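Spelled out, the chains give:
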Amino acid sequence: MKGRNKRKKQVDKIDLEQALIKKALGYDATEVVEEYVGDGEEIKLSKKKVTTKNVPPDMSALKFLLDETQKDASEMTDQELYEEKVRLLCLLKEIQNS
């Protein structure tokens, strides 16, 4: 029973991560509205409207995603710290030159 609950939590976590990524990047949503008319015995589709809406990226979701994926400096190896230092120094030089 415990193994089943653990798998469910893992699946839920994966679903949540995928939903967060989708919200952070933005997506297109299709909405279908159908109107039916009934005349006693028969029900027929009278109108069908399909619209596609663009949901823009959500900055809060993006910030949360970036915060969660960045490593804490205390967890980085010496090589990773050195590479991050070089990357940041190059970024600073680019900013100063522009």
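Quick look at the structure, then. (Residues numbered from 1 in each chain as written. Predicted model: local features only at pLDDT ≥ 70, side-chain atom pairs only at ≥ 80, totals over all residues. Heavy atoms only, no water.)

### Thoughts on a nonpolar patch on the surface
And then number 1: Together, Tyr-36, Ile-43 and Leu-45 give the surface a local cluster of nonpolar side chains, amounting to about 340 Å² of exposed area.
And then number 2: As for its position among the elements, Tyr-36 is in strand 1 (residues 27–39).
And then number 3: Owing to a relative accessible area of 49%, Tyr-36 belongs among the partly exposed residues under this scheme. (Patch = residues over 30% accessible without salt bridge, like charges linked within 9 Å, V, L, I, M, F, W, Y side chains within 5 Å. Areas by Shrake-Rupley, 256 points an atom, 1.4 Å probe, with all protein chains shown as cover. Salt bridge = Lys/Arg side-chain N within 4 Å of Asp/Glu carboxyl O. Helix = DSSP H or I, 4+ residues; strand = E, 2+ residues; numbered from the N terminus. Buried < 20%, exposed > 50% of the residue type's maximum accessible area, 1.4 Å probe, protein only.)

### A few points about the pattern of salt bridges
And then number 1: Here the structure, examined in full by the defined rule, presents four salt bridges.
And then number 2: Residues Asp-58 and Lys-23 are paired through a salt bridge, measuring 3.7 Å at the closest nitrogen-oxygen approach. One end of the pair, Asp-58, is in the loop between strand 2 (42–55) and helix 2 (59–69); the other, Lys-23, is in helix 1 (residues 2–25), and 35 residues separate them in sequence.
And then number 3: Here Asp-58 falls in the partly exposed class, since its relative accessible area comes to 22%.
And then number 4: In this structure Lys-23 comes out as partly exposed when scored by relative accessible area, which is 43%.
And then number 5: In this structure, the salt-bridge partner of Lys-48 is Glu-34, at a minimum N-O distance of 3.9 Å. With a gap of 14 residues between them, Lys-48 in strand 2 and Glu-34 in strand 1 connect regions that are remote in the sequence.
And then number 6: You can call Lys-48 exposed: its relative accessible area is 52%.
And then number 7: Glu-34 gets classed as partly exposed once you look at its relative accessible area, which sits at 36%.

### What to know about the pairing of strand 2
And then number 1: Within strand 2, only zero of the 14 residues are buried, leaving the element largely exposed.
And then number 2: Pairing of strand 1 with strand 2, which is carried by 13 bridges, proceeds in the antiparallel orientation. Within strand 2, the residue paired with Glu-34 across the bridge is Lys-48.
And then number 3: Counting the residues between successive antiparallel strands, the hairpin from strand 1 to strand 2 contains two residues, one of them, Gly-40, with a positive phi of roughly 90°. (Pairing = 2+ DSSP bridges.)

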